[in-house]
Amino acid sequence: MPDVNSTCVINLRSDTQTLPTRAMLEAMCSAPLGDDTYGEDPTVRRLEALSAERFGKEAGLFVLSGTMGNLVCLMAQTNPGDEVILDAESHLFYYESGGLASVAGLMPMPVASDRGWIDPRDLRNCIRACDIHFPVPRIFCLENTHNRGGGRVIPFALHRELCQIAREHGLSIHLDGARIFNAAIATKTTVLEYASTVDTVMFCLTKGLSCPMGSVVVGSSEFISRARQIRKRLGGGMRQAGVAAAAGIVALEEMIERLADDHFHAKLLAEGISDIPGLSVDVSSVDTNMVYVDHTSTGVSTENIVERLRNCGVIADGRPPDQLRFVTNRHHDSATIQEALRRIRAAVVDNR
Ligand SMILES: *Cc1c(COP(=O)(O)O)cnc(C)c1O
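Below or above, wherever it landed, is the structure these notes cover. (Residues numbered from 1 in each chain as written. Predicted model: local features only at pLDDT ≥ 70, side-chain atom pairs only at ≥ 80, totals over all residues. Heavy atoms only, no water.)

### Considerations on the layout of surface pockets
Any empty space left between atoms is shown by rolling a water-sized probe over those atoms. Convention followed: Using a 1 Å grid laid over the protein atoms alone, points where a 1.4 Å probe fits but cannot get out form a cavity; open sets with protein on both sides within 12 Å along at least 5 of 7 lines form a pocket; any residue with an atom within 4 Å of a point counts as lining. Grid points are joined across faces, edges and corners, and a volume is the space filled by probe spheres set on the points. Helix and strand labels come from DSSP, where a helix needs a run of H or I of at least four residues and a strand needs a run of E of at least two; each type is numbered from the N terminus. Any residue outside Ala, Val, Leu, Ile, Met, Phe, Trp, Tyr, Cys, Pro, Asp, Glu, Lys and Arg is labelled polar, Gly included; the first ten of those are nonpolar and the last four are charged.
Considered as a void within the structure, the largest pocket measures approximately 370 Å³ in volume. Per-element accounting of the lining of the largest pocket gives the leading share, four residues, to strand β9 (residues 290-294). In the lining of the largest pocket, the residues fall into seven nonpolar, eight polar and seven charged.

### What to know about the site of the ligand
Stated formally: Proximity criterion: a residue is near a molecule or strand once any of its heavy atoms comes within 4 Å of it. Within 3.5 Å is the distance limit for a polar contact, defined as a pair of N or O atoms, with the added protein rule that one can donate a hydrogen and the other accept it, and that residues adjacent in sequence qualify only through two side-chain atoms. Areas reported here follow the Shrake-Rupley algorithm with a probe of radius 1.4 Å; residue values treat only the protein chains shown as occluding.
Close contacts around the ligand come from 14 residues, with Gly66, Thr67, Asp176, Arg179 and Lys207 the closest. Between the ligand and histidine 91 there is a distance of 3.5 Å, counted from a nitrogen atom to a side-chain nitrogen or oxygen. One nitrogen or oxygen atom from the side chain of arginine 179 is found 2.8 Å from an oxygen atom belonging to the ligand. Considering the ligand on its own, with 380 Å² of exposed area, one finds that the protein chains cover 85% of that surface. Secondary-structure elements contributing two or more residues to the shell around the ligand are α3 (66-75) and β7 (200-204). Examining the composition of the shell around the ligand, we find that three residues originate from one element, α3, more than from any other. Grouping the amino acids of the shell around the ligand by side-chain chemistry returns three nonpolar, six polar and five charged.

### Describing the packing of helix α12 (residues 259-273) against helix α14 (residues 334-350)
Two packed helices can be described by the angle between their axes and the distance between those axes. The test is simple: Here, axes are lines fitted to C-alpha atoms. For helices the fit covers the stretch in contact, and angles between N-to-C directions go from 0 to 180 degrees. Comment on the angle field: the value is read as roughly parallel under 35 degrees, roughly antiparallel over 145, roughly perpendicular from 65 to 115, and oblique elsewhere. Helix crossings fall into two classes, left-handed where the near helix is turned counterclockwise from the far one by less than a right angle and right-handed where it is turned clockwise. Note on contacts: a residue pair is in contact if any heavy atoms of the two residues lie within 4.5 Å.
Interhelical geometry of α12 versus α14 gives an angle of 25° and a closest axis separation of 10 Å. Accordingly, the angle class assigned to the pair α12 and α14 is roughly parallel. Like other packed secondary-structure pairs, α12 and α14 cross with a definite hand, here right-handed. When α12 is examined against α14, the residues Phe264, His265, Leu268, Leu269, Gly272 and Ile273 are found in contact with a partner set consisting of Ser334, Ile337, Gln338, Leu341 and Ile344. Here the residues of the contact of α12 with α14 sort into seven nonpolar, four polar and no charged.

Below you can see the structure in the form of structure tokens.
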């Protein structure tokens, strides 16, 4: 079985598989450093200031991961026992090991969505009045782009309408913007627009932006000072973290515009896959760098398809019982995609 990191393997599992660029590695070597727990790492401070500026917020905080960033944002804006309203298919609800319940002590109120698009009426209907029988509804979370929704963009008009409803009910608003730059690039808007109607945003440096680690949260200065203490409490106080933050600065300065290439390659991949018998994909649903593929017509299990693909030199993510996920990133060009399509066809058609 080919090794995941072998250069001949085409790894389409996730944009988290990206390696740091040469410019990042060089920046990491020469970054001025200090002890960040004392607020004395100039490179971390620069990344935090740059991030805040990008999002039009007062301050930023460098955290170890997106999961930690989301948790810190929730904890800084809630009390244990409060209710958090969020998409039932959101990363926060689905993939963060239940941290919002076990660590933050929050009560989730999951709302259904259509691949990440929450119907404003559903949001309205699930926000309950204050009553001693209910937990206190405190915060509403959005996710953009939407991971389990296939990298789908939540358009700004819908985003704004949902935020308005949450505000009418006095809720704080957090945006899980792990891939918010993909959303902004795909819609030719800026992250400023999305950030303007929410209190806090978390974005990942490690996805398409290719950093080896880290996420950033942004919000008001008052929020960030609370978040800083919570990060410390969770074990996220770092020392010469400028080593990692240096890569983050390169990401913000050099890696955002090129996300458009990943989106182009995802479309190319989706179009090619739609011609392969047994696989079906809604090409028009590919907004950004993800391609979700339905393999029901192959008649075999997700596990089996993933294994066959792997044996043909393509790594994909299985989404049982009937889906595969492919994600493009900066290590793929058009030739890589064409070769991936040949291999996927071989795995699915020739291997029957
Ligand atoms: C990846 C991701 C996260 C979490 O980031 P980690 O760094 O993996 O903890 C949060 N939300 C979304 C939508 C993600 O895709």
